[in-house]
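Close look at the chain arrangement
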Amino acid sequence: MKAIVIYEPGGAEKLIYQDVPTPKVKPGWSLVQVKGFGINHSEIFTRKGLSPSVTFPRILGIECGGVIADTTDPELLPVGQKVISIMGEMGRAFDGRYAEYALLPNAQICPVETKLDWATLAALPETYYTAYGSLLNLRIRETHRVLVRGATSCVGIAFLRLLKARWPDNWAGGGI
């Protein structure tokens, strides 16, 4: 398979596009054929060597959308199932999704049913996970007023959509 491997910290020139062996499944893990992914700021930190727990060489990438190619859990994750996966040390403790295939822990793989194209689907998991985590951490209530700085960013828009979904009647006057 093709993958982008980094052998030492540095700039983008350290990302090497090359052939590597396709991972083989192991107990509790499944192989995902990567169809799309987003780029995250944390991956740039890791590439620059600012993630001290990461050892090189490494295939970076902390999120993806794809299809189960081989599985150890055919009931929940059958071959051909559309899935997403985010974080959980992907691209840090084990190789990530800057590759045609990613070997991921089953517990970190979420089956999805969607008609979204891969580019759109790939942009959603980390964005909405970040926005949702912020929403929970802020403990916003229906009576609160909320100002979202950076509301034109993908996370800001996701945050606003989650607020609107939670309190749809508060958009007309006052409230959120």
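Notes on the structure follow. Quick caveat: nothing in here was measured; it's all calculated off a predicted structure.

**Observations regarding unusual backbone geometry**
Between Phe-56 and the following residue, Pro-57, the backbone shows a cis peptide bond with an omega angle of 5°. Positionally, Pro-57 belongs in the loop between helix H1 (41-47) and strand E4 (63-70). Within the chain, Glu-89 stands out as a residue other than glycine whose phi angle is a positive 75°. When you line up the elements, Glu-89 lands in the loop between strand E5 (82-86) and strand E6 (101-105).

**Observations regarding the pattern of salt bridges**
Close approach of charged atoms allows side chains with opposite charge to pair. The final tally for this structure, using the stated rule, is four salt bridges. With its nearest N and O atoms 3.3 Å apart, the salt bridge here joins Lys-2 to Asp-19. You can see Lys-2 sitting in strand E1 (residues 2-6) and its partner Asp-19 sitting in strand E2 (residues 15-19), a full 17 residues away along the chain. Under the relative-accessibility criterion, Lys-2 is labelled partly exposed at 30%. Given the relative accessible area of 55%, Asp-19 is considered exposed.

**Structural notes on helix H4 (residues 154-166)**
For an α-helix, 3.6 residues make a turn, and residues three or four places apart therefore share a direction. The first and last C-alpha atoms of H4 sit 18 Å apart over 13 residues, in line with the 18 Å expected at 1.5 Å per residue. By the burial criterion, the buried members of H4 are Gly-156, Ala-158, Phe-159 and Leu-163. In an axial view of H4, the angular spread of the buried residues amounts to 160°, which keeps them on one side of the axis. Opposite its buried face, H4 presents the exposed residues Cys-154, Arg-161 and Ala-165, each directed more than 90 degrees away.

**Notes on the sheet that holds E6**
Read across the sheet, five strands follow the order E6-E3-E4-E5-E7 without closing on themselves; strand pairing throughout is antiparallel. At either end of the open sheet lies a strand with only one pairing partner, and these are E6 and strand E7 (109-111). Going from strand to strand, the sheet's axes swing by 45° on average, the running direction of each strand aside. Sheet analysis places strand E3 (residues 29-36) next to E6, joined by five bridges and oriented antiparallel. Residue pairing in the sheet places Ser-30 in a bridge with Leu-104 of E6. In the packing of helix H3 (residues 125-138) onto the sheet, the strands contacted are E4 and E5, and the crossing angle to E5 comes to about 50°.

**Examining the packing of aromatic side chains**
Applying the stated criterion to the full structure yields two aromatic pairs. Ring centres of Trp-29 and Phe-94 lie 5.0 Å apart, and the angle between their planes is 80°; on these two criteria the pair is classed as edge-to-face. Taken together, the positions of Trp-29 in strand E3 and Phe-94 in the loop between E5 and E6 put the pair 65 residues apart, joining distant regions of the chain. Its relative accessible area of 18% is what places Trp-29 among the buried residues. The exposure class assigned to Phe-94 is buried, which follows from its relative accessible area of 14%. An angle of 20° between the planes, with centres 5.6 Å apart, marks the rings of Phe-37 and Tyr-98 as stacked. Taken together, the positions of Phe-37 in the loop between E3 and H1 and Tyr-98 in the loop between E5 and E6 put the pair 61 residues apart, joining distant regions of the chain. Of the residues examined, Phe-37 reaches a relative accessible area of 34% and is grouped as partly exposed. Tyr-98 gets classed as buried once you look at its relative accessible area, which sits at 10%. A cation over a ring is seen here: Lys-26 above Trp-29, with NZ or CZ 4.2 Å from the ring centre.

Parameters and conventions
- Residues numbered from 1 in each chain as written.
- Predicted model: local features only at pLDDT ≥ 70, side-chain atom pairs only at ≥ 80, totals over all residues.
- Heavy atoms only, no water.
- Helix = DSSP H or I, 4+ residues; strand = E, 2+ residues; numbered from the N terminus.
- Salt bridge = Lys/Arg side-chain N within 4 Å of Asp/Glu carboxyl O.
- Buried < 20%, exposed > 50% of the residue type's maximum accessible area, 1.4 Å probe, protein only.
- Expected span 1.5 Å × (residues − 1).
- Arc of directions from axis to C-beta.
- Pairing = 2+ DSSP bridges.
- Axes fitted to C-alpha atoms, helices over the stretch in contact; angles between N-to-C directions.
- Contact = heavy atoms within 4.5 Å.
- Phe/Tyr/Trp six-rings, centres within 6.5 Å; stacked < 30°, edge-to-face > 60°.
- Lys NZ or Arg CZ within 6 Å of the ring centre and 35° of its normal.

Keep in mind these numbers describe shape, not what the thing actually does.
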